[in-house]
Amino acid sequence: MATGNNDITSTHPTDWKYVSEGGATIVFSYVGPSDSSRAKNTAFQGMVLRLRKVPSVPLGVRFDSDSSSFSEDEDDEEDDEDEPDDPSIAFQKQCMARLVPNAHLPQLESIIVRSPPGRSYTSDAIIEEKLDGQDALQDTHDHDEHHHRHHHHKHLTDGSAWLRALAATHDELRPQTRRALGGIDFKRRKGVLATDLVGGHGMSVEIKPKWSFLPNPAHLSAEFKPIKTKTCRFCMHTHMRTQEATSKESVQTEDVEEQKPSSGRHAAPPAVGYCPLDLFSPRSDRVRYAVHALYDAWIASEGKANNLKVFVRGKGVKVSGRKLIFHNPPSELEEDQIRTAFADSLLPLLTQTPVLQLLNRLQRTLDMLDVEGLVKVWEKWCRSSGHVGENELGAGCEEPTLEEWGSFIDSYLHELGLDEQSGKGPAESVNGKAKHAELPDVQTEEEMRFYLLAYLLSATFKDCSIIVRVPLLGSDMSEMEDANLDSRMITLIDLDPKSMTRLKKWEALDREIVSTYGQLREEERTACIDDWN
Ligand SMILES: O=P(O)(O)O[C@@H]1[C@@H](OP(=O)(O)O)[C@H](OP(=O)(O)O)[C@H](O)[C@H](OP(=O)(O)O)[C@H]1OP(=O)(O)O
Ligand SMILES: Nc1ncnc2c1ncn2[C@@H]1O[C@H](COP(=O)(O)OP(=O)(O)OP(=O)(O)O)[C@@H](O)[C@H]1O
């Protein structure tokens, strides 16, 4: 029995399973009713729901009518159509799809998440309240709950009722550090339905690779150049985070559960030992080393580091349950065997599909000046153009429209001599580097914005994740022959546009990370090897 009704608020909150979340969004997958009393809804099968969280993270795209904003008034029951679709949808369709082959992108579509007035939810029922005051029950097994509903807060029956019920049903599964910072944004009228990349019968491994390159040295300050050309940004950031964690530990109060991250942002433990430059290397022994390091950091952080997540049949695997990644978990298994089998299963897709190399090329060619070079160009342009404001990087700059993003991508592809969706790797960047040996002489606002947009887009690719789908270890399917490699099994997620307002943060963070790392003696610093330099 199945239905295809695409009113998401007619599904029960328990038909959805919490998958995971980041700083900006939270994701649930459709599992359907747990018993046969109700039909599965085919409109949601194989899909996840991605919802924006509060506090909201600013996005780097503006619509002509500035429709990226939405009503701040909770009681405002405007048409759902009045809220624009989540900007990530148009951005992916019109911009990202020109840079990344479709095979490596999830399908995205907009979905209304407002429930009709008068509809409320209990743990196992949907209650419809007739507008003339008479009540009608629908699809409920728990009539006793019904007569209590008038005592409930008005939110239980307003348009946010479904979102609130979804949040209440799943809040317990969320990490405490994320819960302390916020949850689903109940004011939103729309969410995003996306291909479920962690469901099915196999294993999905999510890697957040981060920065894949050492910077172009041409525009670095004399003070930072020796530091930044030896150690990659991720390894330096890891060092800073490790120091921060150590100093926090020494002042921690007893009540750890109640502690909010002091910076107001989620602080995942650092993935010590992992270097992205290993993962992005063309040498498979280095890629293997990186996967081992990610696995070790996953274990050491008890699954809290955000660079590796593992899912089996749609559910996040805990470190303590790691044997679940095997089809038939052997009773005796050395730790090293699990790690080796894990890396064996990922290596073919990581090394023989173009996704990592594509990410590498995009990141480095979009960040040819480094933030230090970008600041120099910006300051010079501010002086020459009389640009008013505090002169902080990006100050006073509007978010780009989709049209401007489109023109930017035209120029970028043209400059690199690449075709749309070419998916080509970093060899193409060599020309770009020679070209950016000199600081660009920016004359117009349009030219200045070209460099700012390039940096914003590089930041998206530095912060996105890949999801690799493979059979469970030890299953008949797990010995993948090269010929059987299906490159669609590796997908890029979290390709949201970053906001102009982030530029000043990145400048300051760069300074903080590098000066902290610079306090180490030369011989204490890690030498990261960029094979593509
Ligand atoms: O600055 P970074 O490199 O620490 O990246 C931030 C991420 O931290 P990470 O290093 O991956 O632990 C951070 O990840 P977490 O929330 O810590 O998992 C976010 O991805 C953040 O982006 P946004 O605020 O969601 O747009 C990321 O911020 P942006 O740099 O993309 O602004
Ligand atoms: N299409 C998908 N299928 C399955 N799981 C997904 C999908 N998209 C996202 N997820 C899961 O939800 C998590 C949060 O999504 P995403 O990374 O897009 O959020 P974010 O808030 O933008 O992250 P960040 O803080 O890194 O910027 C992901 O880490 C992943 O585990």
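Here the structure is a predicted model, which means the values were calculated and not measured. (Residues numbered from 1 in each chain as written. Chains lettered and ligands numbered in written order. Predicted model: local features only at pLDDT ≥ 70, side-chain atom pairs only at ≥ 80, totals over all residues. Heavy atoms only, no water.)

Structural notes on the site of ligand 1
Close to ligand 1 lie 17 residues, the nearest being Arg233, Asn306, Asp463, Lys498 and Arg502. The side chain of aspartate 463 places a nitrogen or oxygen atom 2.7 Å from an oxygen atom of ligand 1. Measuring from an oxygen atom of ligand 1, one finds a side-chain N or O atom of lysine 505 at 3.0 Å. Protein chains bury 89% of the 600 Å² of accessible surface belonging to ligand 1 in isolation. Listing elements by their share of the shell around ligand 1, those giving two or more residues are α6 (233–251) and α15 (503–518). Of the residues belonging to the shell around ligand 1, the class tally is three nonpolar, four polar and 10 charged. Residue assignment places the shell around ligand 1 across two domains, with domain 1 (2–196) and domain 2 (205–352 + 463–524) each supplying three or more. (Near = heavy atom within 4 Å. Polar contact = N/O pair within 3.5 Å; in protein donor to acceptor, adjacent residues only side chain to side chain. Areas by Shrake-Rupley, 256 points an atom, 1.4 Å probe, with all protein chains shown as cover. Helix = DSSP H or I, 4+ residues; strand = E, 2+ residues; numbered from the N terminus. Nonpolar A, V, L, I, M, F, W, Y, C, P; charged D, E, K, R; others polar. Domains from an automatic or database assignment.)

Here we look at the sheet that holds strand β2 (residues 16–21)
One open sheet holds the five strands; their spatial order is β2-β3-β5-β10-β6, and the pairing between them is antiparallel. Sheet topology places β2 and β6 (108–112) at the edges, where each strand pairs with a single neighbour. Adjacent strand axes in the sheet meet at a mean angle of 30 degrees when their direction is disregarded. Relative to strand β10 (residues 190–195), strand β5 (residues 47–52) runs antiparallel, the two sharing four bridges. Bridge pairing in β10 places arginine 50 opposite valine 192. On top of the sheet, helix α3 (residues 161–170) reaches β2, β3 (25–30) and β5; it is set at about 75 degrees to β2, its chief contact. (Pairing = 2+ DSSP bridges. Axes fitted to C-alpha atoms, helices over the stretch in contact; angles between N-to-C directions. Contact = heavy atoms within 4.5 Å.)

A short note on the pairing of strand β7 (residues 119–122)
Neither face of β7 is open: one carries Arg119 and Tyr121, the other Ser120 and Thr122, and all of them are buried. For β7 and strand β8 (residues 125–129), the ladder comprises four bridges, and the chain directions are antiparallel. In the sheet register, serine 120 faces β8, and the bridge partner there is isoleucine 127. (Buried < 20%, exposed > 50% of the residue type's maximum accessible area, 1.4 Å probe, protein only.)

Examining the environment of phenylalanine 63
Mapping phenylalanine 63 onto the fold places it in the loop between β5 and α1 (87–99). Take phenylalanine 63: its relative accessible area is 17%, and that puts it in the buried class. Put simply, phenylalanine 63 and proline 84 are 21 residues apart on the chain and 9.2 Å apart in space, counted from C-alpha to C-alpha.

Comments concerning the site of ligand 2
Residues in close proximity to ligand 2 total 22 residues, the closest being Gly23, Ala24, Thr25, Glu206 and Lys309. The separation between an oxygen atom of ligand 2 and a polar side-chain atom of arginine 50 is 2.8 Å. Contacts to ligand 2 include lysine 309, whose side-chain N or O atom sits 2.8 Å from an oxygen atom. In isolation ligand 2 exposes 620 Å². Once the protein is present, 93% of that is buried. Counting only elements with at least two residues in the shell around ligand 2, the list comes to β2, β3, β5, β10 and β12 (308–312). Considering every element that reaches the shell around ligand 2, the biggest residue donor is β2, with three residues. Here the residues of the shell around ligand 2 are counted per class, giving nine nonpolar, five polar and eight charged. Mapped onto the domain boundaries, the shell around ligand 2 takes at least three residues apiece from domain 1 (2–196) and domain 2 (205–352 + 463–524).

Quick word on the pairing of β12
Most of β12 is tucked away: four of the five residues are buried. Across five bridges, the pairing between strand β11 (residues 203–207) and β12 is antiparallel. Looking at the pairing, isoleucine 207 lines up with leucine 308 of β12. Where β12 meets strand β13 (residues 315–316), two bridges bridge the pair, whose relative direction is antiparallel. If you follow valine 312 over to β13, its bridge partner there is lysine 315. Connecting the antiparallel pair β12 and β13 is a turn made up of two residues, with arginine 313 showing a positive phi of about 45 degrees.

Notes on the pattern of salt bridges
One pass over the full model with this rule turns up 38 salt bridges. In this structure, the salt-bridge partner of arginine 52 is aspartate 86, at a minimum N-O distance of 2.7 Å. In this pair, arginine 52 sits in strand β5 while aspartate 86 sits in the loop between β5 and α1, placing the two residues 34 residues apart along the sequence. On the basis of relative accessible area, arginine 52 is assigned to the buried category, the value being 7%. (Salt bridge = Lys/Arg side-chain N within 4 Å of Asp/Glu carboxyl O.)

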